[in-house]
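Tertiary structure, described
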Amino acid sequence: MPGSSTDAALARPPIYRRQQYLGLLGVGLISFGLLSIVQSKFAYGLMQQWAIFSILGLGFYLVFGLGGQFAFSQGAFFGLGAYSSAWATRNLSFLWGVGAAIIIGCLVALVFAIIVFRADHFYFAIGTMAFSFIAIVVFREFTAFSRASGEVVGIPKPQIANHAFNTDYKLSALLIVFMLLALLLVILVERSPLRREALALNHHSQVASTLGIPTGKLRLLMFVLGSGFAAVAGALQAHRTGSLSTEQFSVQLSIDIFLILLLGGIGSIYGPLLGAAFVVWAPEQMRFIANYRGIIYGAVLIIVMILFPKGLVGIFEALWRLIRGKRKTPEDGLDPLAFDEAAIDGGANAARP
Amino acid sequence: MEKFMPLLMTGIAQGSIIAITALGFLLIYKATGVVNFAQGDFSTLGAYVAVWATTKHGWSLPTAWILAIVVLFIIGALIERIAYAPLRGRSVHVVVISTLGAALIIQAAIVRWMGPLPYSLRSPFPVREQTVTWFGARIPKQNLLIIGATIVCVVLLILLFQKTQFGRQVRALASDRQVAQLQGVRTTWMSMLTFGMSAALSAFAGVLIAPTRSVTVELGFGVMLYAFAAAILGGMGNLVGVVVAALAIGLVRQFGAGYISSTYAEIFPFLLMLVVIAAKPQGLFGGESRARL
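My aim in this report is to walk through the structure given alongside it, one point at a time. (Residues numbered from 1 in each chain as written. Chains lettered and ligands numbered in written order. Predicted model: local features only at pLDDT ≥ 70, side-chain atom pairs only at ≥ 80, totals over all residues. Heavy atoms only, no water.)

1. Things to note about the interface of chain A and chain B
The interface of chain A with chain B comprises 48 residues on the first partner and 52 residues on the second. When the two sides are added together, the surface that chain A and chain B hide from each other amounts to roughly 4,400 Å², 75% of it contributed by carbon and sulfur. A per-residue breakdown of the area chain A buries against chain B is headed by Phe122(A), Tyr123(A) and Phe133(A), which together make up 17% of the total. Here chain A and chain B share one salt bridge between them. (Contact = heavy atoms within 4.5 Å. Buried area = accessible area lost by both parts, 1.4 Å probe. Salt bridge = Lys/Arg side-chain N within 4 Å of Asp/Glu carboxyl O.)

Put into structure tokens, the structure is as follows:
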């Protein structure tokens, strides 16, 4: 059929031009490249933590970046995944543990999201905060398999089939593979209609629902998917460190997760990777940062919000544009955080007759 | 019955503290539409300032209280300048996240300043006369003080909002900043003033609650969560509704601890809140249904 190839080219959504698969390859090459040059146990530890926090951040990108839902529950789902996997791997293998984390994490997220489905933005945020608080108390008091105050020790290192990931190098490689898988999943969402529907929902919820976008389902999906990512990250963390305690999963962690996403750049899939790198690497490299950690994190949050709403990725993009002399695309003009304030509430109401 | 009375009084006292904190947070919310996540840390900081003045410098308790309230008033106004004013006009998400940043800074600064160990703050009553006996139950006087102080604060605030020029201006600011400005409301001052007052109110809550528990960086955070829950139950913006909800939360927590399970007592109010969100997303007392977050 003549002309069909140009039609197909025209029909390619602009988002495809961002070459996400190349980006994935780049991230893979960089992370394995780094892995091959690091030597010390300490550096391996940082790489592992980076991979896990990246997964956590990518999940939050789905919940908050795309889904526009102001949630403090990411840390709680991280914990839920960790405890689920620790529970499941008492008898089953590592992959079953991750599976249990995904299933339990997603189910709990779904039930919670349905409970607060009609809540608007602020109520949803406080609801997720309350959820985190409840989760911490339950982790602490529910002692069916953990010791007093929610401590679990002796969680086995990952093992797939007969291959044990018992050295630092193997464990790091495994975690990076998990991170790349997570990135791949996010890229699939990114290239599917889900992304633009979610953006439409966030920025113009009324318009989105009149266009037939199932706004309520979309919100649920994003929340459940992102929480599932957090649960997987938690499961990996449990098997990496081998022990759990409730302090690891406080609301503080959820605030760190905000920093990961916002500092990295809320509008980009690479943002969480950069943000996680900062959160993991900076306090270790600079004593100064470690001593004043809270003060600096808080200040960074405020400064990023005031001066760089698109985070580190935004700075790189601006530099890149400067080098190539390109004009801005319409999407560049969007404030990534300027969600339609009625998005959640209006979306829910519009979905109901 | 001998279990009932102490639980009732403690519940009301806790509810009162929650009510004061919730009112401080509603003050900012009403004037600027911002949900301030640093509210609990204002209470914590207030308690620490009082501890610092009494233990390290031997100030008397009333002067320490006044110091805490004045210092927090100034800090509240400063935070308005640093974390809110540059962001006005931007999405409310941005503002809320920067209040989170402010909360982090305050907490970390407290640890740098006073160290991570817990402190205790005196109660204004002599050591031997800490309790009174009512209906056969020993009630701490501090709890009665808390309840009394809350009643005074609530009445004053309601009068302030409804009857004075200041209250009208705050409400004008809340409904439309630009129009308020055109009508001659000094919006910059008003914003700073409401942040300052709100922080001062939280500091007052902080010094009142401090003698009933140990003073740690987490002191205010838990109270803030309950205050948020109260604001939701009461339907944001409805002052009386929020006070009633705060009392209900205090009572649910205490009776839950006394009669159901003390280990899970902390979460009963939140379960109640989630049930209310599920069943009646606008809060029990209606009011403004949509918070500008």
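2. So, the packing of aromatic side chains
For any pair of aromatic rings, the description consists of the separation of the ring centres together with the inter-plane angle of the planes. In this structure the tally under the stated criterion is 30 aromatic pairs over all chains. Between Phe72(A) and Phe37(B) the ring centres are 5.3 Å apart and the planes differ by 45°, which places this aromatic pair in the tilted class. Pair noted here: Phe72(A) is in the loop between helix 3 (41-66) and helix 4 (74-88) and Phe37(B) is in the loop between helix 1 (4-32) and helix 2 (39-57), and the two residues belong to different chains. Side by side, Phe72(A) and Phe37(B) carry an identical accessibility label, which is buried. (Phe/Tyr/Trp six-rings, centres within 6.5 Å; stacked < 30°, edge-to-face > 60°. Helix = DSSP H or I, 4+ residues; strand = E, 2+ residues; numbered from the N terminus. Buried < 20%, exposed > 50% of the residue type's maximum accessible area, 1.4 Å probe, protein only.)

3. Some points on the environment of Ala101(A)
Residues and elements named next belong to chain A. With respect to the helices and strands, the residue Ala101 is situated in helix 5 (residues 94-115). Of the residues examined, Ala101 reaches a relative accessible area of 0% and is grouped as buried. Taking the C-alpha atoms as reference, Ala101 lies 9.6 Å from Leu236; in sequence the two are 135 residues apart. Those residues in contact with Ala101 that lie beyond four places of it in its chain are Gly81, Ser84, Cys106, Ala231 and Ala235.

4. Regarding a nonpolar patch on the surface
All names here are of chain A. The grouping of Ile303, Leu307, Phe308, Ile315, Phe316, Leu319, Trp320, Leu322 and Ile323 at the surface amounts to a nonpolar patch, some 970 Å² of accessible area in total. Listed by contribution, the elements that provide at least two residues to the nonpolar patch are helix 14 (293-307) and helix 15 (311-324). Looking at the nonpolar patch, the element that brings in the most residues is helix 15, giving six residues. For Phe316, the position within the fold is in helix 15. Residue class for Phe316 comes out partly exposed when judged on its relative accessible area of 49%. (Patch = residues over 30% accessible without salt bridge, like charges linked within 9 Å, V, L, I, M, F, W, Y side chains within 5 Å. Areas by Shrake-Rupley, 256 points an atom, 1.4 Å probe, with all protein chains shown as cover.)

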